[in-house]
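Coordinate inspection notes
So you can see what is in the structure, the chains are spelled out below.
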Amino acid sequence: MPPGHPNGVRADRNWPLRFDFTTPMASAPATLTVDSPEVHDAHAHDHPPHLQHHFVSSEQQFDAAKMGMWLFLATEILLFSGMFVAYAVFRTLYPATYEACATALNTMQGAFNTLVLLGSSLTVALAINAIQRDDQKGLQRYLLLTLLGAAIFLVVKYFEYTHKFHSGIFPGLAFHPYGEEFGHLATVPYARQFFSLYYVSTGIHAIHIIAGMVVLSWVYLKARKGTFSSSYYTHVELGGLYWHLVDVIWIFLFPLLYLIH
Amino acid sequence: MAQTLTADPHAPTAHGHAAHPTDGSYNYLNYDKTFMSWAKTVDHKRIGLMYMVTLALVFLVAGLFAIALRTELIATNWTNYAAGEQDAAGTIMNANTYNWVFTMHGAMMTFLFLVPSVPAILGNFVLPLHLGAKDVAFPRLNLASYYFYIAGAVLVIASLFVGQLDTGWTFYMPYSARTNGSVTFLTMAIFIAGFSSIFTGLNFIVTIHKMRAPGLTWNRLPLFVWAMYAVSLVQVLATPVLGITMLLLFTERIFGVGIFDPALGGDPILFQHMFWFYSHPAVYIMILPAFGIISELMGTFSRQRLYGYRAVALSSVAIALLGFLVWGHHMFVSGQSAISSIIFSLITYLIGIPSGIKVFNWVTTMYKGSIWLQTPMIYALMFIFLFTIGGLTGVMVGVLAVDVALHDTYYVVAHFHYVMMGGTVIALIGGMYYWFPKMFGKMYSERWAKIFSLFVFVGFNTTFFTQFLLGAKGMPRRYWDYIPMYEHLHQISTIGSYILAVGLFGVLGTWIWGLMKGRKAPQNPWGAATLEWTHATSPPDPHNFTATPVVTRGPYDYYLADEVFLTRNAPSSGDGAAGDGSDGDVPQGDGSGDGAAATVVARPIVRDFKPH
Ligand code: HEM
Ligand SMILES: [Cu+2]
């Protein structure tokens, strides 16, 4: 255990352990606190403004936040895993349907969006890198670029969706494909289910993109106020982690939905 | 920033708290008494109490539903069928109402009561104290969890105005896509309440990893903390799957996406797989925290270092992980393949092993210990008895061939009530009695608590043991009526449920009495050796500890925690027993408030000095 680590025993904290119930604390605190500065007023020393009261040090606070974020990402992956399982089951049950429907998706637009998201993952990593070097301007620039990538992704997605809506490709019972491009799907058994799964999974993913944009915008606003520095950039790091996750999920959705033959 | 939160006890206003008395008279309950200071609190202790009150209400409502169900079943109504079964009059309700009531009972009890129960109430209150921390790692997220829970509960109430939910708590497809709109509300309610569960688990895992006091190594963690760790893992890893299942069911109802609905090409068995992939681990979400409580009680009230500490700690984690591999035992007759049924049956046997390890270790802890039969210990013993029955019958229904006969009968109903009520609820009551003095700084009446524990025990067994017999004779579950051959046992069961209800109201009464009239509690009435008793006042300071504890020993090293000796059960001098209706066995502290010396124990503590 490194010295000063919250889980290590530090010599300067060894205030007497003996608590006697018959001796009310009130009469004793003076002797209890002599050799431990943080005991009675943990706020008095080494207290950067971002340090919350219940943490001992900035490192502890940062480690905790990061671990919490990783756990949260695990839950996100499990959330999507439910849809992947459904996909696996139905692709096994109706292979022909899934191939016929996948070819009806616009691979070019999907591939373009994949590149956009990969690029935004890069820029968010660069943003973290910038603040680690105390480069405030760089941080703001790269955050804006990431937000731009997210916006482009959503715009493309919007065109993909509306294009299908115009030919009657809706999720669920409203599914009635017609027209030159999609009309043939009307005869493919269970095509409705493929497109429902497509809309549900990409839709939930799009909601995550929007959530990511909200988070990153909030980080950007804080960055403009100069909240962050190389010694404190927890929110940038967490926002970046979340954004990578949103990206990774798309990396799975794209081939599964668009690229099967 | 914490500093901007008005309700934060650690905020600048409280900065100079060294000026406050540190004897417990200035504490987390009374440092600020306004309503907003509660509604906006980020203090884990207050959040724990808020959950306590909310969950008590949920338990009351869901419990009244149960009493209604049992009352309906007190007599058979087969002579009323002339008008057709659908419209026949029941004892107190018709068949449709019965479906609604048992669904609400099950759904509320599982999703709104048992799943949050111990972690939300006792976990929140005790965990940071056990760790010597000032709070959980993310206090504001903790408060958010509470409001997510409230939002879920409000949606459940809203569903009442939409229609009568009648799917059973399992929401099996395709019926759940066809019946009335209340299902839509319930899916959303469970989805949202799920966030509460996920965030609580996440918070606890990080807290246990990052917030331990100096010297508190993993081997020195109280077993309650280990149990919380295991249960948090399950909450974080299983709940998202329930979330997506509910979300897909939602889209199924709104759009008709055809993922679960066979008429649209979907697969209803997939729904069952996804549902039980969460809901079997969920039964461990319910029982693991109870294991943690029992470990604490066994150690303290046997005054003996917990036997097989590591085995108990690791078996919690083993159960948590194995629990993910047995969900198929709920689907033996649903049409899954024979080979998967056989494998699921086998793994189900395996999970009996870590459960057995725990029971053996608790019993061994008592061996040659100096057992102190206070109410918490009585509930702990009750737990061991009832959980063993519940667990063993669980293994029995896990036997493939046996389950084909017993599935969907009262036998299964009895099994899970023995584990959920006899296990989780009994442990929760025991834990509440145990930590009551710490929470409120008051003692409850030991005599009345013991009397009502008898009602609970007799009532519980009368209600549910009969259901094993009913199930073995073939009485199906979820039926509104039955043929006369079952009437006798159903009547006994119903009478038992009334006795149980008296017992539970009595338990509530002892707490309310304790709150209003109870004697002032000493810091460590039980002579326990964990930090909340040895280092925090009753009730604790808003900051938990007035100084960060440094841990130099294990949680059950009673012989090292000499600071606790003096506090254990100091009898006699000026014992207020006669006055307040308690028996003389209640530990006395500084009841007079003048710091009068507590007399040293009359109990034999010689054994404590033997290393085990
Ligand atoms: C020793 C461990 C256990 C084993 C081997 C076991 C086994 C089983 C099996 C095989 C079933 C399915 C019976 C059927 O539907 O035909 C079942 C049902 C059930 N068990 Fe357990 N169980 C165990 C512990 C628990 C615990 C600790 C809880 C809760 C705290 C629990 C709660 C339930 C519930 C709620 C059901 C019924 C679900 C339903 O269909 O509504 N079980 N158990
Ligand atoms: Cu199970």
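Just so you know, these numbers come straight off a predicted model, no measurement behind them.

Parameters and conventions
- Residues numbered from 1 in each chain as written.
- Chains lettered and ligands numbered in written order.
- Predicted model: local features only at pLDDT ≥ 70, side-chain atom pairs only at ≥ 80, totals over all residues.
- Heavy atoms only, no water.
- Helix = DSSP H or I, 4+ residues; strand = E, 2+ residues; numbered from the N terminus.
- Buried < 20%, exposed > 50% of the residue type's maximum accessible area, 1.4 Å probe, protein only.
- Contact = heavy atoms within 4.5 Å.
- Areas by Shrake-Rupley, 256 points an atom, 1.4 Å probe, with all protein chains shown as cover.
- Expected span 1.5 Å × (residues − 1).
- Polar contact = N/O pair within 3.5 Å; in protein donor to acceptor, adjacent residues only side chain to side chain.
- Donors = N, O, S within 2.8 Å, 3.2 Å for Na, K, Ca; no water.
- Patch = residues over 30% accessible without salt bridge, like charges linked within 9 Å, V, L, I, M, F, W, Y side chains within 5 Å.
- Salt bridge = Lys/Arg side-chain N within 4 Å of Asp/Glu carboxyl O.
- 1 Å grid on protein atoms, 1.4 Å probe; cavity = no way out; pocket = protein on both sides within 12 Å on 5 of 7 lines; lining within 4 Å.
- Points joined across faces, edges and corners; volume = space filled by probe spheres on them.
- Nonpolar A, V, L, I, M, F, W, Y, C, P; charged D, E, K, R; others polar.
- Axes fitted to C-alpha atoms, helices over the stretch in contact; angles between N-to-C directions.
- Parallel < 35°, antiparallel > 145°, perpendicular 65-115°, else oblique.
- Left-handed = near helix turned anticlockwise from the far one by under 90°.
- Near = heavy atom within 4 Å.

Take the overall build of chain A next. For chain A, the helix and strand inventory stands at eight helices and zero strands. Helices and strands in chain A line up, N terminus first, as α-α-α-α-α-α-α-α. Taking all 261 residues of chain A together, the buried fraction comes to 51%. Restricting to contacts in chain A with at least 6 residues of sequence separation, those with at least 24 account for 72%. As presented, chain A carries roughly 11,900 Å² of accessible surface, and 68% of it is formed by carbon and sulfur atoms.

Glancing now at the overall build of chain B. Looking only at helices and strands, one finds 18 helices and zero strands in chain B. Out of the 612 residues belonging to chain B, those deemed buried represent 64%. The contacts in chain B between residues at least 6 apart in sequence include a share of 81% that link residues at least 24 apart. Of the accessible surface of chain B, which amounts to about 20,200 Å², a share of 71% is contributed by carbon and sulfur atoms.

Right, let's get into helix α5 (residues 136-165) of chain A. Given a rise of 1.5 Å per residue, 30 residues ought to cover 44 Å, and the 44 Å separating the end C-alpha atoms of α5(A) matches this to within 8%. Between the side-chain oxygen at the start of α5(A) and the backbone nitrogen of K137(A) there is a gap of 3.4 Å, and the oxygen is on D135(A).

Let us now look at the coordination of the copper ion (ligand 2). All names here are of chain B. The coordination sphere of the copper ion (ligand 2), as far as protein atoms go, consists of H280 (ND1), H329 (NE2) and H330 (NE2), spread over 1.8 to 2.0 Å. All donors to the copper ion (ligand 2) come from one chain, and their sequence spacing reads H-x48-H-H. A separation of 4.5 Å is found between the copper ion (ligand 2) and the iron atom of ligand 1. Remark: H330 occurs in the loop between α10 (309-322) and α11 (338-366) and H280 occurs in helix α9 (residues 268-302); sequence separation between them is 50 residues. What makes H280 buried here is its relative accessible area of 4%.

This next bit is on the side chain of T54(B). Residues and elements named next belong to chain B. Here T54 shows up in helix α2 (residues 44-72). For T54, a relative accessible area of 14% gives the class buried. When residues no more than four places from it in sequence are discounted, the contact partners of T54 are Y146, Y149 and I150.

Residues and elements named next belong to chain B. A contiguous nonpolar patch, built from V53, L57, L60, V61, L64, F505, L508, I512, L515 and M516 and spanning about 920 Å² of accessible area, is present on the exposed surface. Those elements giving two or more residues to the nonpolar patch turn out to be α2 and α16 (487-517). Of note, V53 is situated in helix α2.

Compared with an ideal rise of 1.5 Å per residue, which puts 29 residues at 42 Å, helix α7 (residues 182-210) of chain B spans 42 Å between its outermost C-alpha atoms and is within 8% of the ideal. Counting buried positions along α7(B) yields 24 of 29 residues, so the element is predominantly enclosed.

Here we take up empty space enclosed by the protein. Residues and elements named next belong to chain B. Under the counting rule described, the total for this entry stands at eleven cavities of 30 Å³ or more. Volume-wise, the second largest cavity comes out at about 140 Å³. At the level of elements, α4 (117-131), α7 and α8 (223-254) are the ones that each hand at least two residues to the lining of the second largest cavity. Considering each element in turn, the lining of the second largest cavity owes the most residues, six residues, to α7. In terms of residue class, the lining of the second largest cavity is made up of eleven nonpolar, six polar and no charged.

With that settled, consider the packing of helix α14 (residues 410-440) of chain B against helix α15 (residues 446-472) of chain B. All names here are of chain B. One can describe the packing of α14 onto α15 by two numbers: an axis separation of 7 Å at closest approach and a directional angle of 165 degrees. It follows from the interaxial angle that α14 and α15 lie roughly antiparallel. Judged by the twist between their axes, the crossing of α14 over α15 is left-handed. Contacts between α14 and α15 involve Y410, Y411, V413, A414, H415, H417, Y418, M421, G422, I426 and Y433 on the former and, on the latter, A449, V456, F460, N461, F464, F465, Q467, F468, L470, G471 and A472. Across the contact of α14 with α15, the residue classes tally to 16 nonpolar, six polar and no charged.

Our next topic: the layout of surface pockets. Take a probe with the size of a water molecule and roll it over the atoms, and the empty space left behind shows itself. Volume-wise, the second largest pocket comes out at about 1,100 Å³. For the lining of the second largest pocket, the secondary structure elements donating two or more residues are α2 (58-93), α7 (191-224) and α8 (234-258) of chain A together with α5 (139-159) and α7 of chain B. Taken together, the residues of the lining of the second largest pocket sort by class into 22 nonpolar, eight polar and two charged.

A few words now on the site of ligand 1. All names here are of chain B. For ligand 1, the set of nearby residues contains 21 residues, the closest of which are W169, D403, H407, H415 and R477. The contact in question runs from an oxygen atom of ligand 1 to an N or O atom on the side chain of H407, over 2.7 Å. Mapped by element, the contributors of at least two residues to the shell around ligand 1 are α9, α12 (375-398) and α14. Here the residues of the shell around ligand 1 sort into eleven nonpolar, eight polar and two charged.

Counted according to the given criterion, the structure contains eight salt bridges over all chains. Ionic pairing is found between E160(A) and K164(A), a salt bridge with its closest N-O pair at 4.0 Å. Residue E160(A) and its partner K164(A) are both found in helix α5; the two are separated by four residues, about one turn of the helix. In this structure K164(A) comes out as buried when scored by relative accessible area, which is 2%. Its salt-bridge partner being D261(B), residue R178(B) comes within 2.9 Å of it at the nearest N-O pair. With R178(B) in helix α6 (residues 175-178) and D261(B) in the loop between α8 and α9, this pair connects stretches of sequence that are 83 residues apart. Exposure remark for D261(B): the relative accessible area of 5% places this residue in the buried category. Through salt bridges that share partners, K157(A), E160(A) and K164(A) make up one connected network.

Residue and element names in this part refer to chain B. With their axes 14 Å apart at the nearest point, α2 and α14 run at an angle of 145 degrees to one another. Crossing handedness for the pair α2 and α14: left-handed. For the pair formed by α2 and α14, the contact residues are L49, M52, F59 and R70 on the first element and Y410, V425, M432, M439 and F440 on the second. Tallied by class, residues from the contact of α2 with α14 come to eight nonpolar, no polar and one charged.

On to unusual backbone geometry, then. Looking along the chain, the bond that leaves M173(B) and enters P174(B) is cis, with omega of -5 degrees. Relative to the helices and strands, P174(B) resides in the loop between α5 and α6. The omega torsion across S538(B) and P539(B) is -10 degrees, close enough to zero to call that bond cis. As for its position among the elements, P539(B) is in the loop between α17 (531-534) and α18 (577-580). In this model, Y190(A) sits at a positive phi of 65 degrees, which is unusual for a non-glycine residue. On the secondary structure map, Y190(A) appears in the loop between α6 (179-182) and α7. In the Ramachandran plot, R478(B) falls in the positive-phi region, its phi being about 60 degrees despite a non-glycine side chain. Position of R478(B) among the secondary structure elements: in the loop between α15 and α16. Residue classification places R478(B) among the partly exposed positions, given a relative accessible area of 27%.

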